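Listed below, chain by chain, are the residues.
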Amino acid sequence: MANLIAEELAKKQKAISVAEFFEKNKQILGFDSAPRCLITCVKEAVDNALDACEDAGILPDILVQIERADRDNCRVIVEDNGPGIVKAQIPKIFAKLLYGSRFHVLRQSRGQQGIGISAAVLYSQLTSGKPSKIISKIGKDEPAHYYELIIDTQTNEPEIVAESIIEWDRPHGTRTEMEMTATYVRGRRQSVWEYLKDTAIVNPHARLTLIEPNGEEEVFERATNEMPAKPNEIRPHPEGIELGTLIKMMRYTERYKLISFLMNEFARIGRTTAEDLCKTANLDPDANPNDLSRDQTVRLLEAFKTVRITAPPTDCLSPIGKDLIYKGLEKEYNVDFISTATRPPAVHSGNPFIVEAGIAYGGDLPKEEKVTILRFANRVPLLYQQGGCAITHAMERMNWRQYELNQPGGTGIPLGPLVVSIHVASTKIPFTSESKDAIADIPEIVDEIELAIRGVARNLRNYLSRQKLLEKRREKEEIIKKVLPKLVEKVSSIVGKEEPDIKPIVAKIMENILIQRKIVGQNDGQYGVSIRLKNFGEHTRTFKLYELSKYEMVKPDSDAKVVEMDGEMGQIWKVSLKADEEKSIQYMIKCDEAPELSIPMVEGIEEELVTGAKTLESRKDVEE
């Protein structure tokens, strides 16, 4: 009887395809709520487009269009200017799960598993019953191939519903169109609009255009024409490699000697290191790796942990860089202060990674709400599962009160007008799930995130402390400017003399930089102009001085750079004044009557530290 039952049960056993599994478990991939399904599909298509453009060295220009198909369905169109896809690969890339070119490659990339865009196609056919429509073209003189595709979930193979060659006005690129059950929302953190805005911050070389269902168009313009450095592929690093992986590598290697296997299949192992490893593990360097027993492999694995091996190379990574993070934040937020930093490379489980941080403070940001956290992994925004992410946990364990921010209870996310942006770049991001919404709490990564945040937070504290000092100076100067003119007026009337210029007195009391301009003479329609510069403070001050004039410049100052700005002639000086140092600038202009000159302008110094000039806005960051 038992045998019969076992035989009947055996008849029911059968393999299932990965497509069938995700067909019944689509929430694992991020397809649960209607708004999130739309974001996930847009994200996967945009990620593919960015990767393709960067691989080809093309500045990305990506269009995302959302249309209402009916009451419950949306139509998603994503179009890029990438290199296109060769005809034979189009069906497999879009309609075969776990098909891709990056899974076995050790270098930074957005997609790695070959699930993303094909999962979006699967969700589209499940909820709309319609095929996805693909157009791709690889060159100006090449045909544009049009496909309508679905996935055969029983075999995980593409099924071509329609195929043709069409006219398409793009010289090269790919267009994806999918219809699905989804909801378009705006005005909250988890939305297509916010996803594209965040994507623009960490991909400042890309132009992203969103056409919303109501026809409104939003362009997230690129902040730079500089392409990111292309990451190089590297070999595995011995640190953190697992026993089973090492056994598999030795079983299938084409090397016949252990020393050759170590030198050619791992990063950072040269002959000397390979010999040290063999000696430490008590193994023959000439032994065939295929013949090593499990115990011998364990000894080799232990040797990896004891022999000093150089950290893996980092040219497999492509960090954004502190300057471009600054430009991205500045482009998307109207704030008073920005600070950015890129940490030195570190390693987790043999995988190199880099953490980058940026903070933006003040301006239009809400003052009484929780700090906004922007999380990124390999230049991709993470919009969901913020509470379960290593980035959030690193922020929560910090004492934000020491950085002049309100942190109720002394723990958790602080309150204040602040945006904190964290980017983790790695050959392998340890996500908490297949939906790639949060980074796992790997100690090395959490520590590096905290160090990156602390670095920019110290600059914020310096800025806020300086603002308090400048506010006190402003209050003092306002009092002086109210009292001193009245005093000068009264004294002048008593002694019967003309009221003097009080700027030098104000500058001396405030210990400011004085910029005092005078017309010093006239001869045949030519006027001499003199600018007195004096540092009444205790520290050396370096800044740029701008002087604009609508009059013809007869004899500019010899140290000035002469430029034309907005139809006026201008002079620019780079000025450095030590404590109590004074300098003079002389030049001549031509005009028919006494000239009316605009007030001088300075850049690189706060307005509270200058008397007699306006200040121009410069970069909003402060160095440590």
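Residues numbered from 1 in each chain as written. Predicted model: local features only at pLDDT ≥ 70, side-chain atom pairs only at ≥ 80, totals over all residues. Heavy atoms only, no water.

Trainee: Requested: an account of the sheet that holds strand 17 (residues 541-549), with residues and values cited.
Mentor: Reading across from one edge, 19-20-17-22-24 is the order of the 5 strands in this open sheet, with mixed pairing throughout. Two strands in the sheet have a free side with no partner beyond their single neighbour: strand 19 (561-565) and strand 24 (614-616). Taking each pair of neighbouring strands and ignoring which way they run, the sheet shows an average axis angle of 35°. Two strands pair when backbone bridges link them, and strand 22 (residues 601-603) and strand 24 are joined in this way by 3 bridges, in the parallel orientation. Its bridge partner being in strand 24, Met601 is matched across the sheet by Lys614. (Pairing = 2+ DSSP bridges. Helix = DSSP H or I, 4+ residues; strand = E, 2+ residues; numbered from the N terminus. Axes fitted to C-alpha atoms, helices over the stretch in contact; angles between N-to-C directions.)

Trainee: Summarise the packing of helix 3 (residues 34-55) against helix 5 (residues 116-128); cite the residues concerned and give the values.
Mentor: Their axes nearest at 8 Å, the elements helix 3 and helix 5 cross at an angle of 140°. Viewed along their axes, helix 3 and helix 5 form a crossing whose handedness is left-handed. Where helix 3 approaches helix 5, its residues Cys37, Cys41, Glu44, Ala45 and Asn48 are matched on the opposing element by Gly116, Ile117, Ala120 and Tyr123. Among the residues making up the contact of helix 3 with helix 5, the classes are represented as 6 nonpolar, 2 polar and 1 charged. (Left-handed = near helix turned anticlockwise from the far one by under 90°. Contact = heavy atoms within 4.5 Å. Nonpolar A, V, L, I, M, F, W, Y, C, P; charged D, E, K, R; others polar.)

Trainee: Kindly report on the pairing of strand 3 (residues 132-137), identifying the contributing residues and their values.
Mentor: On a regular strand, each side chain points to the face opposite its neighbour's, so the side chains alternate between the two faces of the sheet. Taken across its 6 residues, strand 3 has 5 buried, putting it largely inside the fold. Relative to strand 4 (residues 144-152), strand 3 runs antiparallel, the two being bridged by 5 bridges. Bridged to Ser136 within strand 4 is His145. Hairpin connection from strand 3 to strand 4: 6 residues lie between these consecutive antiparallel strands. Inspection of the sheet shows strand 3 paired to strand 6 (residues 173-181) by 5 bridges, in the antiparallel sense. (Buried < 20%, exposed > 50% of the residue type's maximum accessible area, 1.4 Å probe, protein only.)

Trainee: Give me the lowdown on unusual backbone geometry, citing residues and values where you can.
Mentor: In the Ramachandran plot, Asn156 falls in the positive-phi region, its phi being about 55° despite a non-glycine side chain. Of note, Asn156 is situated in the loop between strand 4 and strand 5 (157-166). Within the chain, Glu404 stands out as a residue other than glycine whose phi angle is a positive 70°. As for its placement among the helices and strands, Glu404 is situated in the loop between helix 12 (390-396) and strand 14 (418-426).

Trainee: Any chance you could break down the packing of helix 3 against helix 6 (residues 192-202) for me, citing the residues and the numbers?
Mentor: Any two packed helices are characterised by how steeply their axes cross, that is the angle between the axes, and by the distance between the axes. Helix 6 packs onto helix 3 with a crossing angle of 25° between their chain directions and a minimal axis gap of 10 Å. Comparing their axes, helix 6 and helix 3 come out roughly parallel. As for how helix 3 packs across helix 6, the hand of that crossing is right-handed. In this structure, helix 3 contributes Leu38, Ile39, Val42, Lys43, Val46, Asp47 and Leu50 to the contact, and helix 6 contributes Val192, Tyr195, Leu196 and Thr199. Considering only residue class, the contact of helix 3 with helix 6 consists of 8 nonpolar, 1 polar and 2 charged. (Parallel < 35°, antiparallel > 145°, perpendicular 65-115°, else oblique.)

Trainee: Requested: an account of the sheet that holds strand 21 (residues 582-590), with residues and values cited.
Mentor: Reading across the sheet, the 5 strands line up as 18-21-16-15-23 and stay open at both edges, with mixed pairing between neighbours. Edge positions in the open sheet fall to strand 18 (552-555) and strand 23 (610-611), since each of these has one partner strand only. Where strand 18 lies against strand 21, 3 bridges are found, and the strand directions are antiparallel. When the bridges of strand 21 are listed, Lys555 appears paired with Met588. The strands that helix 14 (residues 503-510) touches are strand 15 (513-523), strand 16 (526-535) and strand 23; relative to strand 15, the one it contacts most, it runs at about 160°.

Trainee: For helix 3, give the residues involved together with the corresponding values.
Mentor: In this model, helix 3 (22 residues) spans 32 Å end to end at C-alpha, consistent with the 32 Å of a helix rising 1.5 Å per residue. Taken across its 22 residues, helix 3 has 18 buried, putting it largely inside the fold. Within two residues after helix 3, Gly57 carries a phi angle of roughly 70°, on the positive side. (Expected span 1.5 Å × (residues − 1).)

Trainee: Tell me what's going on with the environment of Leu258, and back it up with residues and numbers.
Mentor: Within the element layout of this structure, Leu258 appears in helix 8 (residues 258-265). In sequence terms Leu258 and Phe94 are 164 residues apart; their C-alpha atoms lie 41 Å from each other. Discounting residues that sit within four places of it in the chain, Leu258 has contacts with Cys278, Leu283, Asp284, Pro285, Asp286, Ala287, Pro289, Leu292 and Leu300.

Trainee: Break down the packing of aromatic side chains for me, citing the residues and quoting the values.
Mentor: Tallied over the full model, the rule gives 6 aromatic pairs. Note on Phe261 and Phe266: the rings are 5.6 Å apart at their centroids and 85° apart in plane angle, and the pair reads as edge-to-face. Of the residues examined, Phe261 reaches a relative accessible area of 0% and is grouped as buried. Relative to Phe304, the ring of Phe266 has its centre 5.5 Å away and its plane inclined at 65°; by these criteria the two rings are edge-to-face. Placement of the pair is Phe266 in the loop between helix 8 and helix 9 (271-280) and Phe304 in helix 10 (residues 294-306), with a sequence separation of 38 residues. Looking at Phe304, the relative accessible area reads 6%, which means it is buried. Connected via pairs of aromatic rings, a cluster forms that spans Phe261, Phe266 and Phe304. Above the ring of Tyr333, the side-chain terminus of Lys197 is found at 4.3 Å from the ring centroid. (Phe/Tyr/Trp six-rings, centres within 6.5 Å; stacked < 30°, edge-to-face > 60°. Lys NZ or Arg CZ within 6 Å of the ring centre and 35° of its normal.)

Trainee: Please provide a residue-by-residue account of the domain arrangement of the protein chain, values included.
Mentor: How big an interface is tends to be stated in terms of the accessible area lost upon association of its parts. Per the domain assignment, the segments making up the protein chain are domain 1 (18-220), domain 2 (238-306), domain 3 (322-465) and domain 4 (502-616). Distance from the C-alpha centre of domain 3 to the C-alpha centre of domain 4: 42 Å. (Domains from an automatic or database assignment.)

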